[in-house]
Amino acid sequence: MEEIGHFINGQRVAGKSGRAADVFNPATGEVTAKVALATTAELQEAVAIAEKAQVGWAKTNPQRRARVMMKFVSLLHRDMDKLASKLSAEHGKTFPDAKGDVIRGLEVAEFCIGAPHMMKGEFTEGAGPGIDMYSMRQPLGVVAGITPFNFPAMIPMWKFCVAIAAGNSFILKPSERNPSVPMMLAELMQEAGLPDGVLNVVNGDKESVDAILDDPIIQAVGFVGSTAIAEYVYTRGTASGKRVQCFGGAKNHMLIMPDADLDQAADALVGAGFGAAGERCMAISVAVPVGQETADRLIEKLIPRVEALKVGPYTAGDDVDFGPVITPQARDRILGLVNSGVEQGAKLVVDGRDFKLQGYENGNFVGPCLFDNATKDMDIYKEEIFGPVLTVVRAENYEEALSLPMDHEYGNGTAIFTRDGDTARDFASRINIGMVGINVPIPVPLAYHTFGGWKRSGFGDLNQHGPDGFKFYTRTKTVTSRWPSGVKEGAEFSIPTMG
């Protein structure tokens with residue numbers, strides 16, 4: 001049985017707490033490893049090491065820090081298949097999807113190669129007589145990230161790549177459900193030339209989370225997970241004087257206008273709704289066709305596509321569409337919500353509740369489910385299901401359709417499929433949601449833009465990666481400099497002005 005400890009001061013170390021969690025293969029239900037759960041003291045030890053390492057790392061010029069990222073990108077390409085295979089085994093997502101997980105993190109590392117540009121300040125010559133004014137963007141010190149199970153490669157890299165390129169040291173607390181890939185990423189950063197102690201991985205549970213939030217040395221915390229925990233992390237972290245960014249749950253709608261290409265829309269819905277078994281915060285879980293004819297035609301196209309989806313373990317080949325969900329508890333919750341949808345009157349036109357896979361009876365598989373005629377008062381509409389369930393809510397007209405995502409408590413992502421530019425521009429302008437797709441079903445911004453939701457999907461002022469990432473992990477110092485040609489005698493008691 002593999003035992004996974006922590007990565008501290010440049011090497012793997014065993015846990016000291018005596019507590020551990022099982023790591024499962026979600027396709028088979030088998031325990032594949034034990035991961036140590038850190039005590040507060042272990043977390044504090046890692047923080048102390050990170051604090052010492054950060055001093056020298058911050059003095060390393062941005063170009064040399066960027067070269068570490070450049071080498072890290074090269075190593076990610078070298079070990080891509082190894083990382084994706086381990087990710088699939090612990091998460092359950094297909095091998096191509098696991099590679100996408102790694103690549104989306106790699107793209108942020110590529111963006112961070114431009115750290116010297118992102119760290120530039122501003123300069124004004126001659127702001128006053130003999131006075132120059134300039135700003136410096138400086139690292140915060142020790143910062144931390146608390147990341148979820150559903151993207152064990154991408155989201156840690158979204159956090160630590162930007163923070164480290166900006167000159168901080170980093171404490172990563174990944175999900176204890178799939179800890180292997182974050183440990184492998186830390187080793188690759190070390191191989192890329194990162195000094196000991198700059199990146200530390202501390203595996204743990206709530207005790208470690210609270211220790212991060214309460215530690216006075218940690219200056220900032222980034223989090224991705226459920227809205228309830230995001231709000232908890234944000235509230236407790238800011239109460240401790242930290243800078244905090246938290247991203248929570250989602251209920252992403254896709255509007256399908258009568259003029260849309262319905263084959264394109266149906267394909268987009270199936271991919272965005274069922275990819276990764278729906279365990280994506282940017283998954284489309286609600287389809288909103290406008291007009292009864294549009295809805296009838298869309299359902300007619302969706303049913304055979306959903307029924308044809310291939311569900312299985314990643315080892316069954318690249319033609320598997322999605323795998324198991326992460327835990328038996330997640331599977332039971334999904335099935336409970338599907339049952340509630342039936343009880344509350346939605347029409348379950350594709351029923352995956354009884355899906356079984358021969359040889360994998362102990363796996364956490366849920367067959368694809370498709371609802372029609374759902375309404376906004378149903379639990380399947382109000383709650384984030386985080387499973388392979390697509391819900392169709394019919395709307396009579398555009399305004400009614402627009403009101404659904406506008407009125408929902410979550411505001412992570414949304415999309416509209418249409419051939420009409422006026423409608424698309426109106427939708428993009430009016431919608432109160434952070435990420436918008438126009439004929440794009442999963443509008444995750446590329447690394448040089450920023451990722452973040454609105455309403456109950458996001459807590460904090462700045463988004464992830466892109467320019468916002470560097471703003472979040474740095475602070476601005478402004479210097480007013482005067483080199484007078486002669487010394488003026490006497491003190492001045494009035495506030496200086498440029499008048």
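Residues numbered from 1 in each chain as written. Predicted model: local features only at pLDDT ≥ 70, side-chain atom pairs only at ≥ 80, totals over all residues. Heavy atoms only, no water.

(A) Representation of the environment of A20 in the model. Along the polypeptide, A20 turns up in strand β4 (residues 20–25). The sequence separation of A20 and G273 amounts to 253 residues, and the corresponding C-alpha distance is 34 Å. Once you skip the residues sitting within four places of it in the chain, A20 turns out to touch K34, V35, A36 and L37. (Helix = DSSP H or I, 4+ residues; strand = E, 2+ residues; numbered from the N terminus. Contact = heavy atoms within 4.5 Å.)

(B) Region of interest: the pattern of salt bridges. Counted by the stated rule, this structure contains 30 salt bridges. The salt bridge partner of R104 is E107, with a shortest N-O separation of 3.5 Å. In this pair, R104 and E107 are both assigned in helix α4 (residues 95–112), 3 residues apart and thus about one turn of the helix distant. In this structure, the salt-bridge partner of D296 is R394, at a minimum N-O distance of 2.8 Å. Placement of D296 in helix α11 (residues 292–307) and of R394 in the loop between β17 (389–392) and α14 (398–407) is noted, with a sequence separation of 98 residues between them. (Salt bridge = Lys/Arg side-chain N within 4 Å of Asp/Glu carboxyl O.)

(C) Layout of the pairing of strand β19 (residues 413–417). Most of β19 is tucked away, with 5 of its 5 residues classed as buried. Both faces of β19 are covered, namely the face carrying G413, A415 and F417 and the face carrying T414 and I416. Relative to β19, strand β13 (residues 252–256) runs parallel, the two sharing 4 bridges. For I256, the partnering residue across the bridge sits in β19 and is F417. Two elements, β19 and strand β20 (residues 435–438), share 4 bridges in a ladder whose sense is parallel. Bridge pairing in β20 places T414 opposite V436. (Buried < 20%, exposed > 50% of the residue type's maximum accessible area, 1.4 Å probe, protein only. Pairing = 2+ DSSP bridges.)

(D) Up close: the pairing of strand β5 (residues 30–36). Note that strand β1 (residues 2–4) and β5 share 3 bridges and pair parallel. Residue pairing for β5: E2 is matched across the bridge by A33. The pairing of β4 with β5 spans 6 bridges and is classified as antiparallel. Note on β5: the bridge partner recorded for N25 is E30. Connecting β4 to the antiparallel partner β5 that follows it, the hairpin turn spans 4 residues, and G29 within it adopts a positive phi of roughly 80°.

(E) Local environment of the sheet that holds strand β16 (residues 369–372). The 7 strands are arranged β15-β16-β17-β14-β13-β19-β20 in an open sheet whose pairing can be described as mixed. At either margin of the open sheet sits one strand with a lone partner, and together these are β15 (347–350) and β20. Sheet twist, expressed as the mean angle between neighbouring strand axes with direction ignored, is 20°. Across 2 bridges, the pairing between strand β14 (residues 284–289) and β17 is parallel. (Axes fitted to C-alpha atoms, helices over the stretch in contact; angles between N-to-C directions.)

(F) Up close: the nonpolar core. In this structure, F72, F160, I164 and F470 are the most contacted members of the largest nonpolar core, which totals 71 residues. Counting residues per element, this core draws most heavily on helix α6 (residues 154–165), at 10 residues. When near neighbours in sequence (up to four residues on either side) are disregarded, I164 contacts W57, R65, M69, F170, M189, L194, V198 and L199. Grouped together as the second largest cluster of nonpolar side chains are 63 residues, L302, F322, V389 and A415 included. (Core = buried A, V, L, I, M, F, W, Y, C linked by side-chain atoms within 4.5 Å.)

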